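A closer look at the structure
Spelled out, the chains give:
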Amino acid sequence: MEALNALSDRLIPIGVLLLLIASQLFWVRRLIALGERFIRGKWTRAALKTVLVGAGLFFFAYLLAPWIRTAEKNGNASTTLTLRNILLDAPFWWWFVGSLTGSFISMIYATAVRAGRIGAWLYRKILQLAGSRVPATTPGSSSLDSASLTRRRFLEQTVAVISFTPFAASLYGLLYGRLDLEVTRRRITLRRLPAAFEGFRIVQLCDIHISPFMPADEIRRCVTIANGLQPDLVALTGDYLADDPRAQGEVVHILAGLRAPYGVFGCLGNHEYMTETEESITRLFASEQIRILRQERVPIQSHVDTLNLIGVDYQQARFSADHDGHLVDQYMEGSEKLVIPGTVNILLNHNPNAFDRAAELGVDLMLAGHTHGGQFSLEFLRRGLSLARTETPYVRGWYEKSGCQLYVNRGIGTTGPPIRFGARPEITVLELTHGLAPI
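Residues numbered from 1 in each chain as written. Predicted model: local features only at pLDDT ≥ 70, side-chain atom pairs only at ≥ 80, totals over all residues. Heavy atoms only, no water.

**Looking at the overall build of the protein chain**
Filter applied, for reference: The way it works is that DSSP assigns letters per residue, a run of H or I at least four long becomes a helix, a run of E at least two long becomes a strand, and they are numbered from the N terminus. Between buried and exposed lies partly exposed: a residue is buried under 20% and exposed over 50% of the maximum accessible area for its type, with that area taken using a 1.4 Å probe on protein chains only. When checking whether two residues touch, look at their non-hydrogen atoms; a contact exists if any pair is within 4.5 Å. Under the convention used here, a 1.4 Å probe and the Shrake-Rupley method define accessible areas, while residue burial counts only the protein chains that appear.
What the protein chain contains, in helices and strands, is ten helices and 14 strands. In the protein chain, which comprises 439 residues, the share counted as buried stands at 45%. Contacts in the protein chain between residues far apart in sequence, at least 24 positions, make up 74% of those at least 6 positions apart. Here the protein chain has roughly 23100 Å² of accessible surface; of this, 61% comes from carbon and sulfur atoms.

**A short note on the packing of aromatic side chains**
To describe a pair of aromatic rings, you give the distance between the ring centres and the angle between the ring planes. In plain terms, the rule: Working definition: a ring pair exists when centres of Phe, Tyr or Trp rings (six-membered ring for Trp) sit within 6.5 Å. Plane angles under 30 degrees give stacked, over 60 give edge-to-face, the rest tilted.
Scanning all chains against the criterion turns up 21 aromatic pairs. Measuring from centroid to centroid gives 6.4 Å for Phe 197 and Tyr 262, while their planes differ by 50 degrees, and the two rings are tilted. Here Phe 197, found in the loop between β1 (182-190) and β2 (201-205), pairs with Tyr 262, found in the loop between α7 (248-255) and β4 (264-267); they are 65 residues apart in sequence, far enough to count as distant. Judged by its relative accessible area of 28%, Tyr 262 falls in the partly exposed class. Judged by centre distance (5.2 Å) and plane angle (90 degrees), the ring pair of Phe 355 and Tyr 394 falls under edge-to-face. Of the two residues, Phe 355 is situated in helix α10 (residues 355-361) and Tyr 394 in the loop between β11 (365-368) and β12 (397-401); the sequence distance between them amounts to 39 residues. Residue class for Phe 355 comes out buried when judged on its relative accessible area of 0%. By the ring-pair criterion, three or more aromatic residues cluster together here, those being Phe 26, Trp 27, Trp 94, Trp 95, Phe 164 and Phe 167.

**Some details on the sheet that holds strand β14 (residues 426-434)**
Note the cut-off: Pairing between two strands requires that DSSP report at least two bridges joining them.
Taken in spatial order, the six strands make up an open sheet running β1-β14-β2-β3-β4-β5, and their pairing is mixed. Of all the strands in the sheet, just β1 and β5 (291-292) have a single pairing partner and so form its edges. Note: β4 against β5, two bridges, orientation parallel. Bridge pairing in β5 places Phe 265 opposite Arg 291.

**With respect to the packing of α7 against helix α9 (residues 278-287)**
What counts here: With axes taken as lines fitted to C-alpha atoms, and helix axes fitted only over the stretch in contact, angles between N-to-C directions fall between 0 and 180 degrees. What sets the label is the angle itself: under 35 degrees gives roughly parallel, over 145 gives roughly antiparallel, 65 to 115 gives roughly perpendicular, and the rest give oblique. Less than a right angle of anticlockwise turn of the near helix away from the far helix marks a crossing as left-handed, whereas a clockwise turn marks it as right-handed. When residues are sorted by character, Ala, Val, Leu, Ile, Met, Phe, Trp, Tyr, Cys and Pro go into the nonpolar class, Asp, Glu, Lys and Arg into the charged class, and all the rest, Gly among them, into the polar class.
Between α7 and α9, the least distance of the axes is 10 Å, while the angle of their chain directions is 30 degrees. Classed by the angle they form, the pair α7 and α9 counts as roughly parallel. Both α7 and α9 take part in a crossing whose hand is right-handed. Counted together, Gln 248, Gly 249, Val 252 and Leu 255 of α7 and Ser 280, Ile 281, Leu 284 and Phe 285 of α9 form the full contact between these two elements. Residues of the contact of α7 with α9, tallied by class, amount to five nonpolar, three polar and no charged.

**Details of the sheet that holds strand β6 (residues 296-302)**
Across the sheet, which stays open at both edges, the six strands sit in the order β6-β7-β10-β11-β13-β12 with mixed pairing between neighbours. Each edge of the open sheet carries a strand with a single partner, namely β6 and β12. Strand-to-strand twist across the sheet, computed as the mean angle between neighbouring axes with direction ignored, equals 20 degrees. Here β6 runs beside strand β7 (residues 305-311); their pairing, made up of seven bridges, is antiparallel. Counterpart to Ser 302 in the pairing with β7 is Asp 305.

**Some thoughts on the side chain of Arg 420**
We apply this condition: Positive charge is attributed to Lys and Arg, negative charge to Asp and Glu, and no charge count is given to His or to the chain ends. Salt bridge, as used here, is a side-chain nitrogen of Lys or Arg placed within 4 Å of a carboxyl oxygen of Asp or Glu. We call two N or O atoms a polar contact when they sit within 3.5 Å, provided that within protein one can donate a hydrogen and the other can accept it, with sequence-adjacent residues counted only if both atoms are side-chain atoms.
As for its position among the elements, Arg 420 is in the loop between β13 (404-408) and β14. Buried and unpaired, Arg 420 has Asp 207 as its nearest opposite-charge partner, separated by 6.4 Å. For Arg 420, the side chain forms a polar contact with the main-chain oxygen of His 372, separated by 3.2 Å. A distance of 2.7 Å separates a polar atom in the side chain of Arg 420 from the backbone oxygen of Ala 423. Leave out the neighbours within four places in its chain, and Arg 420 touches Gly 173, Gly 177, Arg 178, His 372, Gln 375, Arg 410, Gly 411, Ile 412, Gly 413, Thr 414 and Pro 425.

**Concerning α7**
Along an α-helix, residues three or four apart share an orientation, since each turn contains 3.6 residues. Threshold: It is the directions from the helix axis to the C-beta atoms whose arc is reported.
Here α7 has its buried residues at Gln 248, Val 251, Val 252, Ile 254 and Leu 255. The buried residues of α7 all sit within an arc of 160 degrees when viewed along its axis, so they share a single face. Where the residues of α7 are buried, they touch α6 (216-228), β3 (233-237) and α9.

**Quick word on the pattern of salt bridges**
Close approach of charged atoms lets side chains of opposite charge pair. Evaluation of the coordinates by the stated rule reveals 18 salt bridges. Between Arg 357 and Glu 336 there is a salt bridge, and its shortest N-O distance comes to 3.8 Å. Here Glu 336 lies in the loop between β9 (326-328) and β10 (344-348) and Arg 357 lies in helix α10, a separation of 21 residues in the sequence. A residue is classified by how much of its surface remains accessible, and Arg 357, at 17% relative accessible area, is buried. Taking relative accessible area as the criterion, Glu 336 reaches 27% and is therefore assigned partly exposed. The partner of Arg 410 in a salt bridge is Glu 426, and the shortest N-O contact between them spans 3.9 Å. In this pair, Arg 410 sits in the loop between β13 and β14 while Glu 426 sits in strand β14, placing the two residues 16 residues apart along the sequence. Owing to a relative accessible area of 10%, Arg 410 belongs among the buried residues under this scheme. Taking the relative accessible area as the measure of exposure, Glu 426 reaches 0% and is therefore buried. A single salt-bridge network, built from bridges that share partners, covers Glu 278, Glu 279, Arg 294 and Asp 313.

**Brief notes about a nonpolar patch on the surface**
Selection criterion: Exposure above 30% relative accessible area and the lack of any salt bridge qualify a residue for a patch; like charges then connect within 9 Å, and the nonpolar side chains Val, Leu, Ile, Met, Phe, Trp and Tyr within 5 Å.
Taken together, the side chains of Phe 58, Leu 81, Leu 83, Ile 86, Leu 87 and Leu 88 present a nonpolar region at the surface, about 580 Å² in accessible area. Ranked by residues supplied to the nonpolar patch, first place goes to helix α4 (residues 83-129) with four residues. Position of Leu 87 relative to the elements: it lies in helix α4.

Below, the structure is given as structure tokens:
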């Protein structure tokens, strides 16, 4: 099984690269064909082809740039939106998402058309083998052929329009969608909630991902909004960084502006694991009186009543599709004793895949993130149209299982493409109340 996973880890990037190459060839050919419809001059056509091929080569060269830049150790952290980000990074990601998605739509159409033709050919062959006569021509066949040709052209034009739609959606997600913050309010009913915590408000922030496209000013705006929600407690559920460990001091300094009478607590995400900053960022948070819970619990007390708040690091179960994390045989491994029977247990765990295990252990409420709500999602059209569902069934919002409740926050930042579509950034307000959880 491990060998199979290792093989898939190698084959998937190769497959994505091949698909990316195919998509660029598709768009270069399409743009050349479009240009030739309106450009008659021989030299102008040649110039167009040269420009498009050069742009394609630049695209692939720039695709390697992030890996090249990871070798840079000097300089300031990349947390400010610069002219280079605006002129190079933003157009690159817009074209990356738009071209890949648009060509994929066209490929689906082409596959469906070919499958239809093969099906029609097989149908005719079956009729022939059955001894039925298949006439070469029938009365009105020319009009049928004309109608079929018209219908085919209409479908091709429709697909051509649809294949350009991802470019518009990506532009929207880049310029507006990633900043269109939503404050989500949810009432959480807990059977064992003590009377002293009736109406207790937890504000959850997740997936900050400080970067040029989630700069300090934008995070500071989110902190101001969170404080304005008058939380009793603030829960930070991981992924404070994107891919630059040098940014940890700045993001911690900004989040230190959060205020809540019962404190600010958090857990770590997979990006702290990937950037090897788990120890250092925990110390930085501690210096700002923010406690990161790492396989720890802390009592939240009001008068004589107590809530048990638990926090764990990001874990990756063996043979799972999770991003890299601490490898375990089952989620919450080594943290089972942190759950206190007979008490309301609230778990901060970045990975929503741990929900099933949390329910088995008797956790009452789990707060997670990680998915960004799909980041680029079409679930507003149909449930399931999100790439995040290949990794987890718990993509966004509220879930309930065996008396345990889960809320998956969509986060405020992005990873990879700085684009959000159909998955608005989110700050969550969870109000605790006594009662039975809705089903």
